[in-house]
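# Observations on chain architecture
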Amino acid sequence: MSAKIQAVRGMKDILPEQTPVWRYLEETVRGVLDAYGYWEIRLPIVESTELFKRSIGEVTDIVEKEMYTFQDGDESLTLRPEGTAGCVRAAIENGIIHNQVRKLWYQGPMFRHERPQKGRYRQFHQIGVEVFGLSGPDIDAELILLTARLWRQLGLLEHVQLQLNTLGSAEARSAYREKLVAYCRERFAELDEDSRRRLDSNPLRILDSKNPAMADLIQGAPQLLDHLDEPSREHFEQLTRLLEMGGVSYVINPRLVRGLDYYGRTVFEWVTDRLGAQGTVCAGGRYDGLVEHIGGRSTPAVGFAMGLERLVLLLTEGAVSRTELPLERYTPHAYFVAVGEAPERAALVLAERLRSSLPRLRLELNMGSGGFKAQIKRADKSGARFALVLGESELAEGQIGLKSLREEGDQRSFSEAELIDFLAGQIAS
RNA sequence: GUGGCUGUAGCUCAGCGGUUAGAGUUCCGGAUUGUGACUCCGGAGGUCGUCGGUUCGAAUCCGAUCAGCCACCCCA
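Reading guide: rules and limits
Residues numbered from 1 in each chain as written. Chains lettered and ligands numbered in written order. Predicted model: local features only at pLDDT ≥ 70, side-chain atom pairs only at ≥ 80, totals over all residues. Heavy atoms only, no water. Helix = DSSP H or I, 4+ residues; strand = E, 2+ residues; numbered from the N terminus. Buried < 20%, exposed > 50% of the residue type's maximum accessible area, 1.4 Å probe, protein only. Lys, Arg positive; Asp, Glu negative; His and termini not counted. Charge placed at Lys NZ, Arg CZ, Asp CG, Glu CD. Pairing = 2+ DSSP bridges. Core = buried A, V, L, I, M, F, W, Y, C linked by side-chain atoms within 4.5 Å. Salt bridge = Lys/Arg side-chain N within 4 Å of Asp/Glu carboxyl O. Contact = heavy atoms within 4.5 Å. Phe/Tyr/Trp six-rings, centres within 6.5 Å; stacked < 30°, edge-to-face > 60°. Axes fitted to C-alpha atoms, helices over the stretch in contact; angles between N-to-C directions. Domains from an automatic or database assignment. Near = heavy atom within 4 Å. Polar contact = N/O pair within 3.5 Å; in protein donor to acceptor, adjacent residues only side chain to side chain. Parallel < 35°, antiparallel > 145°, perpendicular 65-115°, else oblique. Nonpolar A, V, L, I, M, F, W, Y, C, P; charged D, E, K, R; others polar.

### Observations concerning the overall build of chain A
Helix and strand counts for chain A come out as 15 helices and 16 strands. If you line up chain A on its principal axes, its C-alpha atoms span 95 × 60 × 45 Å. Residue burial in chain A is summarised as follows: out of 429 residues, 51% are buried. Computed over 54 positive and 62 negative side-chain charges, the inter-centroid distance for chain A is 2 Å.

### Let's talk about the pairing of strand β14 (residues 386-390)
Two faces make up the sheet, and in a regular strand the side chains alternate between them. Along β14, 5 of the 5 residues are buried, which leaves the element largely enclosed by surrounding structure. By the bridge criterion, 5 bridges tie strand β12 (residues 334-338) to β14 in an arrangement that is parallel. The partner of Ala338 across the bridge, within β14, is Leu390. Note: β14 against strand β15 (residues 400-404), 4 bridges, orientation antiparallel. When the bridges of β15 are listed, Leu388 appears paired with Leu402.

### Description of the nonpolar core
In this structure, Tyr38, Trp151, Trp270 and Met306 are the most contacted members of the largest nonpolar core, which totals 48 residues. Sorting elements by how many residues they give to this core places helix α5 (residues 137-154) first, with 9 residues. Counting 47 residues, the second largest nonpolar core, distinct from the first, contains Leu51, Cys87, Ile96 and Ala301.

### Description of the side chain of Glu26
Within the element layout of this structure, Glu26 appears in helix α1 (residues 19-36). Among buried charged residues, Glu26 stands out as having no salt bridge; its nearest opposite-charge side chain is Arg30, 4.7 Å away. For Glu26, the contacting residues outside a window of four places in its chain are Gln107 and Leu308.

### Some details on the packing of aromatic side chains
For any pair of aromatic rings, geometry is given as the distance between the ring centres together with the angle between the planes. One pass over the full model with this rule turns up 6 aromatic pairs. Pairing Phe132 with Tyr287 gives two aromatic rings, centres 6.4 Å apart and planes at 80°, and the pair type is edge-to-face. On the criterion of sequence distance, the pair formed by Phe132 in strand β6 (residues 123-132) and Tyr287 in the loop between β10 (280-286) and α10 (290-293) is long-range, its members being 155 residues apart. Side by side, Phe132 and Tyr287 carry an identical accessibility label, which is buried. Taken together, Phe386, Phe414 and Phe422 form an aromatic cluster joined through their ring pairs.

### Remarks on the sheet that holds strand β4 (residues 75-79)
Sheets are built from strands that pair by backbone hydrogen bonding, the pairs being arranged parallel or antiparallel. Taken in spatial order, the 3 strands make up an open sheet running β2-β4-β3, and their pairing is antiparallel. The sheet terminates laterally at β2 (46-48) and β3 (68-72), the two strands that pair on one side only. With strand direction ignored, the average angle separating the axes of adjacent strands in the sheet is 35°.

### Digging into the domain arrangement of chain A
Parsing chain A into structural domains produces domain 1 (19-169 + 229-323) and domain 2 (331-428). Here the C-alpha centroids of domain 1 and domain 2 sit 46 Å apart.

### Looking at the pattern of salt bridges
With the rule as written, the count across this model stands at 18 salt bridges. A salt bridge links Asp194 to Arg197, with the shortest nitrogen-to-oxygen separation between them at 3.0 Å. Taken together, the positions of Asp194 and Arg197, both in helix α7 (residues 193-201) and 3 residues apart, correspond to about one turn of that helix. Since its relative accessible area comes to 38%, Asp194 is described here as partly exposed.

### Thoughts on the protein's contact with RNA strand B
Near RNA strand B there are 50 residues, and of these Arg112, Arg198, Arg258, Ser393 and Leu405 occur at the shortest range. Per the 4 Å cut-off to the protein, sugar and phosphate atoms form 54% of the nearby atoms of RNA strand B. At 3.2 Å from a sugar or linking oxygen of RNA strand B is found a main-chain nitrogen or oxygen belonging to Thr280. Between a base nitrogen of RNA strand B and a side-chain N or O atom of Asp380, the distance comes to 3.1 Å. At the level of secondary structure, the elements contributing two or more residues to the surface near RNA strand B comprise α3 (61-66), β6, α7, β10, β11 (301-307), α13 (372-381), α14 (392-397) and β15.

### Topic: the sheet that holds β12
Sheet architecture is open: 5 strands sit in the order β13-β12-β14-β15-β16, paired in mixed fashion. The sheet is open, and its two borders are formed by β13 (363-365) and β16 (412-414), each paired with just one other strand. Each strand of the sheet is rotated relative to its neighbour by a mean of 30°, with strand direction disregarded. Across 3 bridges, β12 lies against β13 in parallel orientation. When the bridges of β13 are listed, Ala334 appears paired with Leu363. Here α13 sits on the sheet and contacts β12, β14 and β15; the angle it forms with β12, its principal contact strand, is near 170°. Against the sheet, helix α15 (residues 416-428) engages β14, β15 and β16, with an angle of about 115° to β16.

### With respect to the packing of helix α2 (residues 49-56) against helix α4 (residues 84-93)
At a minimum axis separation of 9 Å, α2 and α4 run at an interaxial angle of 105°. Regarding the angle of α2 to α4, the classification is roughly perpendicular. Residue-level contacts link Leu51, Phe52 and Ser55 of α2 to Ala85, Gly86 and Arg89 of α4. Per-class residue counts for the contact of α2 with α4 are 3 nonpolar, 2 polar and 1 charged.

### A closer look at the side chain of Thr166
Position of Thr166 among the secondary structure elements: in strand β7 (residues 161-166). Only 3.3 Å separates the side chain of Thr166 from the backbone nitrogen of Gly168, close enough to count as a polar contact. When neighbours within four sequence positions are excluded, Thr166 is seen to be in contact with Leu224, Leu225, Leu228, Phe236, Arg265, Thr266 and Val267.

Spelled out as C-alpha cells, the structure:
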C-alpha cells in the first residue's frame, strides 16, 4: 500500500449511514420553506475576496484569519465563509430585489479556517434564508415562527431556546459603542487579555465574556437597551408582541451580539445545551444597511442561517433517539433474492417490470449471486421489510416468494400480478 | 493561534519492558443440499500514527512530529 492520503483537517466525510438523517433534515426544511412561499437560489461557492471583506467586516475574525483565500491570476478569490454576502451580491447583480420583495433560501457548504471541535468544522453546511424589501417586524416574526415550526416538525422544539436582542439603529449602536469603549478604557486594568483585544475589534463582545473575573466590570457597564433609538425600540416591542401572539417563547439576552458587522436591530439565536460549547443551532437578524453597502439601492433585509452539522448532531445524539427518526423512507421496501443462473436472469427482468408498474417502489435486486442464506442475510441488512424470493422451483411454477423480514409469518407465494397488488398496498401505507 | 486528553484489526477497546500482539464487533464460509435477526464452529483482517533515542530486548520508557477529540478564542 502507498502512503495514505487523508481528508484535510476539519473536512468531514458524510457517510452512507449518516446521509438518511441529512436528507430527512434537508427535506423537512425544504417542506417548511415551500409552505411559507420562499424560493431557492443557488449560489457559487467562490466569490471575490472583496465581497466578504466589505460585508462581513475587515476586522472580524472571519475575514482576518479564517478565510480560504487564493489568488487566481490577478484576482483574489475566497471560498465563502457564510452565505449572506453571496446572496446579496447575486440579488443585486441580477436585479431581483430592485424595488420588490424577495424571500429566498440557499443551501450548501461554507468554509472557515478555524480549529475544529464538536459541532464546528472547516467545511460545514448551512441552510440560509434571506428576505429583501421588508422593513417591518412582521417579517422578523415570520422568520422566527418558520424556524419554530421547523423545530416542532423535527421534534426539537423542547431542546432549543430562542434568544432575542436588538442592536438598535447603526447610529444608536455606534453612539453606544463609544460610551462602552470609554467606560472600558477607564477600567482598562480590570480587562482580561481577550477583552483588551475586543476593545478594538468588537467591544460589544466584552459584555459576553465567560471570565468570572470580568463579572463586576460587566455589571456596571452601560446597557445597549438603555441607548436604543425610538424606532428600534418600537420595532422590537412589536416583534416580541407578534411572537407572543404566535405562541413562541423567547428569552431576551442583552449580551447577544452577532459577530458579523452587518447586523442591526433584530438579532436572534436558537441555542441548545446538548451540543457542548457550540450551542448555537440557528442564528440571524436584520441587516438593513448591507445591500447599499455592497453597491445596491438601499433595501431592508433580514435573514438567518442554520448549521446542519449541529442539527444532525442534535437529531442523532442530542435530543431525539435515532429510532424515532423516520429513516425507513430511505431503505428499500423489498430486497430481491434470486438463486441460480436462470432465476437471476429472470429476476433482473422481473425487477425492471415491477419498477415500471410501481414507480414509487424501492426495490433492491441482489447482485453478485450467493446462496439463499447469504442473500436473505443481505436482505435483512438492507433494512427492507420484505424479501422477494425467486429460486428454481418458483421459476418453474411462475410464482414469487415473499418473506416478511420485520415480523413473524410464513413465506407467501404470489403470481406477478398478485405481487404487484400486494406491493402497491404496502407502498401506500 | 493557546491549552488538556488520546492514537493498537474496518469499528469499539484490552495489553503498558520479555515467546509468534489479543477480545468483542463487522465481513466471508460452515453447522441447516433453498431462507435473516438467537446459538455454536472456522476463516479473513495489524508496517501497535510516523521518525528518532534509551535498552540484550520497545506496542510498552523518553523526545520530536503528524493526526483525532474536547475546550478557549470565534462562530452555524
